[in-house]
Amino acid sequence: MPRRRQRSTVTALVVAAAAVVIGGFFVTDHLDGGAEPVRPVVASATTSTDSGVVVIDRSGPDLPGADLLDRCSSDPRAAVQRYDTEALGSVVLQCGTSAQGYDHIRVRHTADWQDVLRGHTDRDWDDAMLTAVQAVLTDPQPGFPVDVGDGKVCYAAPVRFDDGSTPSPDGYATVIVSATTMRVITAYPSDDTAC
């Protein structure tokens with residue numbers, strides 16, 4: 001009989017631990033602005049089977065959409081997009097601030113992304129950026145992410161358009177993620193895959 005009590009005690013502890021974990025996920029998601037489900041941005045990340053290559057469609061929807069960006073004006077923690085990554089698990093691109101996220105990328109790298117698109121398409125800069133971030137994080141090249149210190153990791157990949165052309169001179173995309181907060185810090189075009 002004492003064994004039965006031990007088993008029931010162990011079972012009760014396991015059930016209690018599971019409830020704490022599940023409750024923790026709920027609270028964490030709620031605090032992270034995830035109380036209402038975030039519809040994923042349908043970024044046309046890759047239209048081919050080229051693993052680790054960002055393929056930008058020259059025509060497509062306007063991403064991320066005005067409704068989502070309207071939320072950014074009042075909530076910097078609102079999620080623009082969530083990504084399921086093999087190395088880090090769930091990573092979020094938040095509306096952010098001047099230091100990280102969508103707002104940082106908009107302020108610091110809009111012109112860089114516009115240069116990537118120039119001569120290839122009339123799509124908006126953030127169409128290319130969101131496509132690149134999704135492809136780089138969810139289908140990385142071998143060897144990525146790379147630890148770049150201070151709790152940050154770097155992903156990089158070559159960029160091309162769906163017609164096979166490549167942007168010049170910045171034919172690569174680099175994405176920096178905080179491995180401690182699981183947030184995208186920045187995303188910008190680069191001239192190689194070095195992090």
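Residues numbered from 1 in each chain as written. Predicted model: local features only at pLDDT ≥ 70, side-chain atom pairs only at ≥ 80, totals over all residues. Heavy atoms only, no water.

1. Some details on the state of the cysteines
Defined as follows: Disulfides are defined as pairs of cysteine sulfur atoms found within 2.5 Å of each other. Each helix is a run of H or I in the DSSP string that is no shorter than four residues. Each strand is a run of E no shorter than two, and both are numbered from the N terminus. Between buried and exposed lies partly exposed: a residue is buried under 20% and exposed over 50% of the maximum accessible area for its type, with that area taken using a 1.4 Å probe on protein chains only.
Here the structure, examined in full by the defined rule, presents 2 disulfides. Shown here is the disulfide that connects Cys72 with Cys95, its sulfur atoms set 1.9 Å apart. On the sign convention where negative means left-handed, the S-S torsion of about -70° between Cys72 and Cys95 marks this disulfide as left-handed. With Cys72 in helix H2 (residues 66–72) and Cys95 in the loop between strand S3 (89–94) and helix H3 (101–117), the pair connects residues that are 23 residues apart, well separated along the chain. Classification of Cys72 by relative accessible area gives buried; the value is 19%. A sulfur-sulfur distance of 2.0 Å marks the disulfide that ties Cys154 to Cys195. The chirality of the disulfide connecting Cys154 with Cys195 is left-handed, given an S-S dihedral of about -70°. Here the residue Cys154 occupies a position in strand S5 (residues 152–161), and Cys195 occupies one in the segment after strand S7 (183–190), the gap between them amounting to 41 residues. When the cysteines of the protein chain that form disulfides are numbered from the N-terminus onward, they connect as 1-2, 3-4.

2. Focus on the packing of aromatic side chains
Operational definition: Ring pairs shown here join Phe, Tyr and Trp side chains whose ring centres sit within 6.5 Å, with only the six-membered ring taken for Trp; geometry is labelled stacked below 30 degrees between planes, edge-to-face above 60, and tilted in between.
Inspection of the entire model under this criterion finds 1 aromatic pair. Taking the centre distance of 5.6 Å and the plane angle of 35° together, the rings of Tyr102 and Trp125 count as tilted. Note that Tyr102 is positioned in helix H3 and Trp125 in helix H4 (residues 125–138), a separation of 23 residues in sequence. A relative accessible area of 10% means that Trp125 is categorised as buried.

3. Topic: the pattern of salt bridges
Side chains bearing opposite charge may pair, as long as their charged atoms lie close to each other. Threshold: Salt bridges are defined by distance alone: a side-chain nitrogen of Lys or Arg within 4 Å of a carboxyl oxygen of Asp or Glu.
Counted under the stated rule, the structure contains 5 salt bridges. Its salt-bridge partner being Asp162, residue Arg58 comes within 2.7 Å of it at the nearest N-O pair. One end of the pair, Arg58, is in the loop between strand S1 (54–56) and H2; the other, Asp162, is in the loop between S5 and strand S6 (172–178), and 104 residues separate them in sequence. Asp103 is the partner of Arg106 in a salt bridge, and the nearest nitrogen-oxygen pair spans 2.3 Å. Taken together, the positions of Arg106 and Asp103, both in helix H3 and 3 residues apart, correspond to about one turn of that helix. Overall, the relative accessible area of 21% leaves Asp103 in the partly exposed class. Bridged by salt links that share partners, the residues Arg58, Asp162 and Asp163 form one connected network.

4. Here we look at the pairing of strand S4 (residues 146–149)
Looking along a regular strand, one sees side chains alternate from face to face of the sheet. Our working rule: The pairing criterion is simple: DSSP has to find at least two bridges between the two strands.
Two elements, S4 and S5, share 3 bridges in a ladder whose sense is antiparallel. Along S5, the bridge assignment pairs Gly149 with Lys152. If you look at the hairpin formed by S4 and S5, you'll find 2 residues sitting between the two strands, and Asp150 has a positive phi there, around 55°.

5. Observations concerning the nonpolar core
The condition that has to hold: Only buried residues count toward a nonpolar core. Its members are Ala, Val, Leu, Ile, Met, Phe, Trp, Tyr and Cys residues joined through side-chain atoms within 4.5 Å. By definition in these notes, contact holds between two residues if any of their heavy atoms fall within 4.5 Å.
Core analysis: the biggest nonpolar cluster contains 38 residues, and Trp113, Met129, Leu137, Tyr155, Val175, Val177 and Val184 have the highest contact counts within it. Among the elements that take part in this core, H4 stands out by supplying 9 residues, more than any other. Not counting chain neighbours up to four residues away, the residues in contact with Val175 comprise Val133, Val136, Leu137, Val153, Cys154, Tyr155, Val184, Thr186 and Ala187.

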